[in-house]
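Structural overview for review
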Amino acid sequence: MTTDKPKVYVDSAVIIDLVKDKVGIGIPTEREQDAWHLQKMLDAAREEKVSVFTSAISVAECTHVEDQNKLELAKPFFLGLLASGRGGFTLVQPTLSLMERARDLRWLHAISLSGLDAIHAATALQFKCEEIWTRDAKFVRFSSTFSAMGLRVCAPHKTNCLPDEYRQENLGIG
């Protein structure tokens, strides 16, 4: 019996939080949990246990941190996660069919998101992701519609897709 790997789509705000956490910029506790879960999911993706997607537009969105002194530290993390091919993400290039699917979220399903958010959602749907990880309240507002389309909207710490073996901290024993 073969089973497909879980597929998760990650919105750029979650990626930014992971980088902020890595370079020592304080983020709220719940978002620290989200950063931890994203790191574990990327570890699982590098070991081919799951598939983690984001759109190439995340490269343009993941460009800043509020603390300009930490920006030079953050840049290599962003590049490593999104541009190196070794970060654990499958980076999806925007295509005309994805742009049409993003448009149709509003036209056919009455889901009113910004253009970039609609691209994120359309990409998650196109690749048949089980979950889209986001902190954006606009996505949450349409969660029942997305759910009917087979896509669960959630924060990373509420995932159902992270394999059990990645859910515990390494205690350094053994």
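For the structure itself, consult the block above.
This report concerns the structure included in the present document. (Residues numbered from 1 in each chain as written. Predicted model: local features only at pLDDT ≥ 70, side-chain atom pairs only at ≥ 80, totals over all residues. Heavy atoms only, no water.)

**Re the overall build of the protein**
From N to C terminus, the protein includes 8 helices and 5 strands. Secondary structure elements of the protein, listed N to C terminal, follow the sequence β-α-α-β-α-α-β-α-α-β-α-α-β. Over its C-alpha trace the protein gives a radius of gyration of 16 Å, about what one expects of a compact globule, namely 16 Å for 174 residues. Dimensions of the protein, computed from the C-alpha atoms along their principal axes, are close to 50 × 50 × 30 Å. Across the 174 residues that make up the protein, the buried fraction comes to 47%. Taking contacts inside the protein between residues at least 6 apart in sequence as the whole, the part at least 24 apart equals 68%. Counting only carbon and sulfur atoms, one obtains 51% of the accessible surface of the protein, whose full area is about 9,300 Å². (Helix = DSSP H or I, 4+ residues; strand = E, 2+ residues; numbered from the N terminus. Rg over C-alpha atoms; globule rule 2.2 N^0.38 Å. Buried < 20%, exposed > 50% of the residue type's maximum accessible area, 1.4 Å probe, protein only. Contact = heavy atoms within 4.5 Å. Areas by Shrake-Rupley, 256 points an atom, 1.4 Å probe, with all protein chains shown as cover.)

**Considering the nonpolar core**
The nonpolar side chains of a soluble globular protein tend to be buried with one another. If you look at the biggest cluster of nonpolar residues, it comprises 31 residues, and the most contacted ones within it are Val10, Ile15, Leu38, Met41, Val52, Leu81 and Phe89. Elements that contribute at least two residues to this core include exactly β1 (7–10), α1 (12–22), α2 (29–46) and α4 (68–82). Discounting chain neighbours no more than four positions away, the residues touching Leu38 are Val10, Val14, Ile15, Leu18, Phe89 and Trp133. Counting residues in hydrophobic clusters, the runner-up holds 22 residues, among them Leu98, Ile111, Ile119 and Phe142. (Core = buried A, V, L, I, M, F, W, Y, C linked by side-chain atoms within 4.5 Å.)

By themselves, these observations are geometric and do not establish any function.
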